[in-house]
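The chain contents come next:
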Amino acid sequence: MDFTFTEEQQAAVEAAEAVFSGVAPDSVPSPALTPGAVADDFDRPLWRRLAEADLLSLLLAPERGGAGLDAVALCLVLRESAKVLARVPLLETSAAALALETYGGDAARSELLPRIGRGEAVITVASNGRTGHDPAELSVEARRDDDGGDWVLDGVHTAVPWAQAADYVLLPAHTGEGRAVLALLPRSHDRLTLADQVSTSGERYARLSLDAARVPDQDMITDDGCWEWLRCLLAAGTCALALGLGEAVLSMTSDYAGKREQFGFPIATFQAVAVQTADRYIDLRAMEATLWQAAWRLGNPAAGGPLPAAADIAVAKIWAADGVRRVVQSAQHLHGGFGADTDYALHRYHAWAKQLELSLGPAAAHEEALGDLIAAHPLG
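Just so you know, these numbers come straight off a predicted model, no measurement behind them.

Draft legend 1. Region of interest: the overall build of the protein. Helices and strands together make up the secondary structure of the protein, namely 10 helices and 10 strands. A compact globule built from 380 residues would reach a C-alpha radius of gyration of about 21 Å, and the protein, at 21 Å, matches this within 12%. In terms of overall dimensions, the protein has C-alpha extents of about 80 × 55 × 40 Å along its principal axes. Taken across its 380 residues, the protein has 53% of its residues classed as buried. Long-range contacts, defined as pairs at least 24 residues apart, comprise 73% of the intrachain contacts of the protein with a sequence gap of at least 6. If you sum the accessible surface of the protein, you get close to 16500 Å²; carbon and sulfur atoms cover 51% of it.

Draft legend 2. Focus on the environment of Ile318. On the secondary structure map, Ile318 appears in helix 8 (residues 309-335). As for Ile318 and Glu367, which are separated by 49 residues in sequence, their C-alpha atoms are 6.9 Å apart. When residues no more than four places from it in sequence are discounted, the contact partners of Ile318 are Ala363, His366, Glu367 and Leu370.

Draft legend 3. Examining the packing of aromatic side chains more closely. Enumeration over the complete set of coordinates arrives at 6 aromatic pairs. Arranged with centres 5.2 Å apart and planes meeting at 80°, the rings of Phe5 and Trp292 form a pair that is edge-to-face. Taken together, the residues Phe5 in the segment before helix 1 (7-20) and Trp292 in helix 7 (residues 271-299) connect sequence positions 287 residues apart. With a relative accessible area of 26%, Phe5 lands in the partly exposed category. For Trp292, a relative accessible area of 5% puts it in the buried group.

Draft legend 4. Representation of the pairing of strand 3 (residues 151-161) in the model. Counting buried residues along strand 3, 9 of its 11 residues qualify, which places the element largely inside the surrounding structure. As defined by bridge partners, strand 2 (residues 140-144) adjoins strand 3 across 5 bridges and the pair is classed as antiparallel. Paired with Val140 across the strands is Gly155, a residue of strand 3. In this sheet, strand 7 (residues 204-215) lies alongside strand 3 in antiparallel orientation, the contact comprising 8 bridges. Looking at the pairing, Val160 lines up with Ala206 of strand 7.

Draft legend 5. Quick peek at unusual backbone geometry. Unusually for a residue other than glycine, Trp162 sits at a positive phi of about 60°. With relative accessibility at 10%, the residue Trp162 sits in the buried group. A positive phi angle is found at Phe263, which is not glycine, with a value near 55°. Position of Phe263 relative to the elements: it lies in the loop between strand 9 (261-262) and strand 10 (265-266).

Draft legend 6. The arrangement of the pattern of salt bridges in detail. Applying the stated criterion to the full structure yields 26 salt bridges. When the shortest N-O distance is used, the salt bridge between Arg64 and Glu63 registers 3.7 Å. Each of Arg79, Glu80, Lys83, Glu247, Arg285 and Glu288 takes part in salt bridges that share partners, so that together they form one network.

Draft legend 7. Region of the structure containing the state of the cysteines. Overall, the coordinates contain 0 disulfides when judged by the stated rule. Cys75 forms no disulfide, and the closest cysteine sulfur to it belongs to Cys239, at a distance of 8.1 Å.

Draft legend 8. Structural context of the nonpolar core. Of all hydrophobic cores here, the largest spans 103 residues; its most connected members are Phe20, Leu50, Leu230 and Leu245. The biggest single contributor to this core is helix 6 (residues 226-259), with 19 residues. Excluding its chain neighbours within four sequence positions, the residues that come into contact with Phe20 are Leu46, Leu50, Val77, Glu80, Ser81, Val84, Ala86 and Leu90. If you look at the next biggest cluster of nonpolar residues, it comprises 20 residues, including Ala142, Val181, Leu192 and Ala213.

Draft legend 9. Structural context of the packing of helix 6 against helix 7. Where helix 6 meets helix 7, the closest approach of the two axes is 9 Å, and the angle between their N-to-C directions is 155°. Taken together, the axes of helix 6 and helix 7 are roughly antiparallel relative to one another. Viewed along their axes, helix 6 and helix 7 form a crossing whose handedness is left-handed. Facing Trp229, Cys232, Leu233, Ala236, Cys239, Ala240, Ala242, Leu243, Gly246, Glu247, Leu250 and Ala257 of helix 6, the residues of helix 7 in contact are Val273, Thr277, Arg280, Tyr281, Leu284, Arg285, Met287, Glu288, Leu291 and Leu298.

Draft legend 10. Region of the structure containing the side chain of Thr124. Relative to the elements of secondary structure, Thr124 occurs in strand 1 (residues 123-125). Only 2.5 Å separates the side chain of Thr124 from the backbone oxygen of Pro161, close enough to count as a polar contact. If we ignore the near neighbours within four places in the chain, the residues touching Thr124 are Glu92, Val160, Pro161, Ala163, Ala166, Tyr168, Val169 and Leu170.

Draft legend 11. The environment of Asp106, seen in detail. The residue Asp106 is located in helix 5 (residues 106-117) in this model. Each C-alpha atom of the pair Asp106 and Gln218 lies 8.6 Å from the other, and the pair is 112 residues apart in sequence.

Draft legend 12. Spatial organisation of the side chain of Glu288. Following the sequence through the fold, Glu288 ends up in helix 7. When neighbours within four sequence positions are excluded, Glu288 is seen to be in contact with Arg79 and Leu243.

The rules behind these values
- Residues numbered from 1 in each chain as written.
- Predicted model: local features only at pLDDT ≥ 70, side-chain atom pairs only at ≥ 80, totals over all residues.
- Heavy atoms only, no water.
- Helix = DSSP H or I, 4+ residues; strand = E, 2+ residues; numbered from the N terminus.
- Rg over C-alpha atoms; globule rule 2.2 N^0.38 Å.
- Buried < 20%, exposed > 50% of the residue type's maximum accessible area, 1.4 Å probe, protein only.
- Contact = heavy atoms within 4.5 Å.
- Areas by Shrake-Rupley, 256 points an atom, 1.4 Å probe, with all protein chains shown as cover.
- Phe/Tyr/Trp six-rings, centres within 6.5 Å; stacked < 30°, edge-to-face > 60°.
- Pairing = 2+ DSSP bridges.
- Salt bridge = Lys/Arg side-chain N within 4 Å of Asp/Glu carboxyl O.
- Disulfide = S-S within 2.5 Å.
- Core = buried A, V, L, I, M, F, W, Y, C linked by side-chain atoms within 4.5 Å.
- Axes fitted to C-alpha atoms, helices over the stretch in contact; angles between N-to-C directions.
- Parallel < 35°, antiparallel > 145°, perpendicular 65-115°, else oblique.
- Left-handed = near helix turned anticlockwise from the far one by under 90°.
- Polar contact = N/O pair within 3.5 Å; in protein donor to acceptor, adjacent residues only side chain to side chain.

Quick look at the structure:
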């Protein structure tokens, strides 16, 4: 395995840095001071700039106007987006687009994907299920209608990001045989209803309900493993967001500690402060190494020995969930009361970090899942 990024991947990072360089983390009201969502919509001007920079078509095939890149490239761009708390559905739309590129039908590939690359269509993914703890596909039942043509869906997904602003929703469901499938629905579907929710970071989420929603067969993805693959891609992308956010927070903390003086010296010169920041640097490097391993395995599923790619995803989630929490906790501690000042950006990063930690789930659960995978796939 070679962690050296290709020229195309490095070019994507440079383009992302240029686009995100003008983004201000405090462009919307503070989530600490806002009783509801901080905004009704995502950052549409930024979305247009991402489309103009060809960053929305990174993962699409060249015949559909894309660059044909992989999950590693997506994670590199997501990492940059999190450094400035970019309020765009980049992870959800890109992951859904790659799922449609990989598993979708001809109609979606030829008609919808080029619109996504141009920034004209937005897709979100309902991945949290009914509670956020149980397998997401179990929260919606998918069955064939009596004529064996369309599918009929019933159920609920909660905490769907950017749902009110998206044009389509891609969601997992289960069949009567227990198979996981994916359904693509327009947000305007007459049997789809949304109820407002607010995330820990202050973003507008939704509870999505389906009441006998009919979905044409061409808008269903029934390939074995399609949802598991998409779930792993979303998890890797979330780990990339956690890494980028953590790196930005550590940089803020280092700058502050170098300027803040006590007893006539910068607090960065104190051993206790240096030890804390060094530990957080180690956390970030571990988060980075496990992220690239996981993202690489998504494109090379057979290259990791007896363990499936889900094992590498579990390791990345263990480090990301614990690491991003430790980074922001140390940052708040070293900033003192200044870290809670709502005129300073750190409290915004803390809220986003907590949302990412909740999205990833507890590290102990991923450790248990990793143990189950090792038990089911002996290494000897």
